[in-house]
Structure formats: structure tokens, C-alpha cells
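What follows is the residue order along each chain.
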Amino acid sequence: MFDAICLRSTTDPQSEPLDLGLLAEALMFYGTVDLVLNRAFLNQLMNALGPDELVEFTQLDGIKVSYCNQFDVVLTENTGTVAERYFLGTAEMPHTRLDQLSTELFRGALGKSGKGRRLAERFLTFVPEVRLDGRLHVAATEDALAAGYAAEAAASILRAAAPGYAIPSPLVFQCERVDANGLVDRIVVHSNLDLVAANKYRHPGFPEITPASLLNPIVTALTDVALASRLRAELATNEVVSNLVKAKAENLFATSSAAKTTRQEFQELVFSDAHAIREAVNSGARSLHDAVTLARKARKFRSWLANQPPDADLLHEYYQASVSGSWADRLSTKALRWLVVTGGGTATGALLAPPLGAAIGPVVGTADALQDALVKGWKPHQFVEKKLRGFVERA
């Protein structure tokens, strides 16, 4: 645990990216932070660091940067009719390909086409582009059709976005396949939810609650697992996605052939002595550069965490040694939360998927990314954010 963590923006590229404070926090605890950028996240880093420092940032020890031009979508067809149906998958915009976007960004930031082009070329040598497999929609559809899985997604969103709404008991939110007219992997939703009432309880700043928004976490969970497992990294996720990954993993644990002899389960690890580094960076009180400098100091003590089982006391010793006497030591304290998998063994290196390299290639290679990853020894440890990103993000 704490070897690597995968951070990506879960929003549409037109929306707000992953906040930089979370990146700063991750740098404190993990040996490697794998950043999977999209256009919005790349713009955020350019604005925060500037062109020269951004190129240097991609070469820092402990940071690996890649770019994915695809984003999670739930498309609604026949909107507002009795034949309304949904397609779960990914989409992309050709004009935000990394080679095109990077040149535009560096030229725009510098105002000099020659230097901008040269820096963009340097940047591209350190940032490979990754692609999600075109079959991801197949796995997303199967997940939506699995008994109880879509209902778990819907209930998790409603508890976060409209806590005053009384969720029916029992909750009905079931998906049915309706392939027709040459279109495949389309689903309809049968539900006893009153979404008009639910939206009356919706927090200001949350997007409208629709069947599509309630299905969206299914795609996000699948993509998060596919990317993180391919990178052999832990997940940085929120309560909604965490609930889905946990539910699916526990079902796989329970039905595996090893379940009778090797018990695997999720346990919560809460660290209550952390400091508000994320909040300090997001408020502008401290810069991302400050956080990177602090993380360099912390790396001296990371051997305390390497190859050790998850332990709150060990985490406390490491963290206190890392922040002692620094600007972070003067910040207010808060709690951080992880879900960790205990029990079971890990596969040998020969059984693991090869690490993400510079070559462009698919990330999701099987119909069930989570099952495939667990077979290969990956454990879905999760750093669970309190703030809900993407489909339930506040304005």
C-alpha cells in the first residue's frame, strides 16, 4: 500500500478538472502519483505552473503523467418519450488530441510560436497518450444489468445529492437491454423513484438528477478500475464510486474459488491527524510548488511505509516526521480515509500486466476489468475523497 495512486479528472473535459489540492495531498502519501490528464486538467496545470515548470513537473521523481482524450458518458436517446433509453460508454473530441492541444497551449501561454512549439515537443516526450478500449461500453452495460448494481449507484447518488429525499424501500432501479434497429448495448430503466421530488431536495450546485446521472457512476467506476489496475496503482475516488467498487469486489471475493481458504475483505483506515494541505493549495494560501517541495522532504521517510501492512500508527509516525517544522505543521487538522483490502495474497510480478509505457495502446482489455485485475493480484485499495467529483460536483 502507498506505492502508487491514480488520479484522473472524472468530469467532462468542458467542466472543472480534478482539484490541485488533492494532487498535493496524494504527493505526501504515495511513492508515485500517476496523473491521467484530460484537456481541463492539463489547462489547470498550465495555469498553476506555467509552461516551463509544467515540463519540469512531468519529469519529477514520483510523478508520472499520461493523457486520455476519452471521457465517461451516459447518452440519452429518445429523450422525454416512452422509448427513452441509455448508452453507457466513452466519447472523445478530435480537436483535443494531445499533440494538437499541447502545441496550442504552449504557444498561447508563451506568445511565441517557436519556443511554444519546442516546449510542446519536449512535453510530448514525457507524456504518453493512453486509450480506453472500445469495448468498455460492453462491460458498462453488463454492470448496469447486474442484479442490484444500478440500484446501488442510484442510491449512492441520491444520498449525496438529495439527502432530504426519502428513497423508496424497497428501491426499484433496474436496467433492461433493448437492442433494436442495429443499435446494441442500449438499456431502459424501470424505477419507482420520483425524480421530480428528488430534484426538489437537490443541493444547489448539483446537476439535475436524471436516470442518466444515476447511471453515470457505473461507467466512472469501471474506467477508474481499468486505469488504476493497469498502472498497478490505488484508486483516488469518492464515496459513490467507492461503494460500487467495494460491492463488486466483495461479490467477486465471495464467489472466487479461493474464498473458502483465503478471506479477503475491506477494512477502513482512518488517519485523524492529517493537515489541511489540500485546502491550503485550493485556497491559494499555498502553491502546488510548495506542496511538491514538502513532498520531496516526505520521500526521505517513505521507507517506513514500504511493504508494510496498512497501519494507522505507522502512518502517523511517517506523516509527523514528514511535516514536522514545515508550513503544513501550522495548518488545521482533519481526517483522511482509506478502504483497504486485507487477507489473500498477491500475484508474482510475472503474472501482472506490463506497466504503462510510452506506446499508445488500450487500457481496458477484458470484458470485466475488475475481475481481470483481481486475478492478476491487484488490490482495490481506495483513498476516499469527501468531496464528490464529476457527476455530483458542487458548483
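Thresholds, definitions, all that
- Along every chain, residues carry numbers that run from 1 in the direction the sequence is written.
- Residue-level local features of this predicted model are given only where pLDDT is at least 70; pairs of side-chain atoms are given and counted only at 80 or more, and the full residue set underlies all totals for whole chains, interfaces and linings.
- Note: side-chain values were computed over all heavy atoms of the structure, leaving out hydrogens and water.
- Take a side-chain nitrogen of Lys or Arg and a carboxyl oxygen of Asp or Glu: if they are within 4 Å of each other, that pair is a salt bridge.
- What counts as a ring pair is set by centres within 6.5 Å for rings of Phe, Tyr and Trp (its six-membered ring), and what kind of pair is set by the plane angle: stacked under 30 degrees, edge-to-face over 60, tilted for all other angles.
- Every helix listed is a DSSP run of H or I at least four residues long, and every strand listed is a run of E at least two residues long, numbered separately from the N terminus.
- Exposure is judged per residue with a 1.4 Å probe applied to protein chains only, and the accessible area is read against the type maximum: over 50% gives exposed, under 20% gives buried, and values in between give partly exposed.
- Between any two strands, pairing holds if DSSP finds at least two bridges.
- The span expected for a helix works out to 1.5 Å for each residue beyond the first.
- A 3.5 Å cut-off defines polar contacts: any pair of N or O atoms within that distance qualifies, except that in protein one atom must be a possible hydrogen donor and the other a possible acceptor, and neighbouring residues in sequence count only when both atoms are side-chain atoms.
- Contact definition: two residues touch when any of their heavy atoms are within 4.5 Å.
- Only C-alpha atoms enter the line fits that serve as axes; for helices the fit covers just the stretch in contact. Angles between N-to-C directions range over 0 to 180 degrees.
- Throughout, the term roughly parallel applies to angles under 35 degrees, roughly antiparallel to angles over 145, roughly perpendicular to angles from 65 to 115, and oblique to all others.
- Only Asp, Glu, Lys and Arg are considered charged in this grouping, and only Ala, Val, Leu, Ile, Met, Phe, Trp, Tyr, Cys and Pro are considered nonpolar; every other residue, Gly among them, is considered polar.

## Quick notes on the pattern of salt bridges
No. 1: For the structure on display, the rule yields 14 salt bridges.
No. 2: Aspartate 99 is paired through a salt bridge with arginine 97; the nearest N and O atoms lie 3.2 Å apart.
No. 3: Among the charged side chains, a salt-bridge network with shared partners connects Arg8, Asp72 and Asp224.

## With respect to the packing of aromatic side chains
No. 1: Evaluated as defined, the whole model comprises three aromatic pairs.
No. 2: Taken together, a centroid distance of 6.5 Å and an interplanar angle of 55° make the contact between phenylalanine 29 and tyrosine 318 tilted. One end of the pair, phenylalanine 29, is in helix 1 (residues 20-29); the other, tyrosine 318, is in helix 13 (residues 312-323), with 289 residues separating them in the sequence.
No. 3: Taken together, a centroid distance of 5.5 Å and an interplanar angle of 5° make the contact between phenylalanine 29 and tyrosine 319 stacked. Here phenylalanine 29, found in helix 1, pairs with tyrosine 319, found in helix 13; they are 290 residues apart in sequence, far enough to count as distant.
No. 4: Using a relative accessible area of 1% as the deciding quantity, one classes tyrosine 319 as buried.
No. 5: Three or more aromatic residues link up through ring pairs in this structure, and these residues are Phe29, Tyr318 and Tyr319.

## What to know about the pairing of strand 3 (residues 63-67)
No. 1: A large share of strand 3 lies buried, amounting to four of its five residues.
No. 2: Bridge count between strand 2 (residues 32-37) and strand 3: five bridges; the pairing is parallel. Looking across to strand 3, one finds that aspartate 34 is bridged to lysine 64.

## Digging into helix 7 (residues 149-161)
No. 1: Its 13 residues place the ends of helix 7 19 Å apart at the C-alpha level, agreeing with the 18 Å of an ideal helix rising 1.5 Å per residue.
No. 2: Where burial is concerned, most of helix 7 is hidden: ten out of the 13 residues are buried.
No. 3: Every buried residue belonging to helix 7 is among Tyr149, Ala150, Ala151, Ala153, Ala154, Ala155, Ser156, Ile157, Leu158 and Ala161, and all of these are buried.

## Some words on unusual backbone geometry
No. 1: Residue proline 170 is reached from serine 169 by a cis peptide bond, and omega for that bond is 5°.
No. 2: Along the chain, the position of proline 170 falls in the loop between helix 7 and strand 6 (173-177).
No. 3: Although it is not a glycine, aspartate 185 adopts a positive phi angle of roughly 60°.
No. 4: Relative to the helices and strands, aspartate 185 resides in the loop between strand 6 and strand 7 (187-191).
No. 5: By relative accessible area, which is 8% here, aspartate 185 ends up buried.
No. 6: The phi dihedral of arginine 232 is positive, around 55°, even though this residue is not glycine.
No. 7: Within the secondary structure layout, arginine 232 lies in the loop between helix 9 (211-230) and strand 8 (234-238).

## Concerning the side chain of threonine 223
No. 1: Take threonine 223: it is sitting in helix 9.
No. 2: The exposure class assigned to threonine 223 is buried, which follows from its relative accessible area of 0%.
No. 3: Of note is the side chain of threonine 223, whose polar atom sits 2.9 Å from the backbone oxygen of valine 219.
No. 4: Excluding residues within four positions of it along the chain, threonine 223 makes contact with Arg8, Asp72, Leu132 and Leu136.

## What to know about the environment of phenylalanine 383
No. 1: One can find phenylalanine 383 in strand 11 (residues 382-385).
No. 2: In this structure phenylalanine 383 comes out as buried when scored by relative accessible area, which is 4%.
No. 3: C-alpha separation for the pair phenylalanine 383 and leucine 336, spaced 47 residues apart in sequence, amounts to 8.1 Å.
No. 4: When residues no more than four places from it in sequence are discounted, the contact partners of phenylalanine 383 are Ile5, Leu22, Glu25, Tyr30, Leu235, Ala236, Thr237, Leu336, Arg337 and Trp338.

## Some remarks on the packing of helix 1 against helix 12 (residues 288-299)
No. 1: Direction vectors running N to C along helix 1 and helix 12 enclose 10°, while the axes themselves pass 8 Å from each other. Classed by the angle they form, the pair helix 1 and helix 12 counts as roughly parallel. When helix 1 is examined against helix 12, the residues Leu20, Leu23, Ala24, Leu27 and Met28 are found in contact with a partner set consisting of Leu288, Ala291, Val292, Leu294, Ala295 and Ala298.
No. 2: When grouped by side-chain class, the residues that make up the contact of helix 1 with helix 12 number eleven nonpolar, no polar and no charged.

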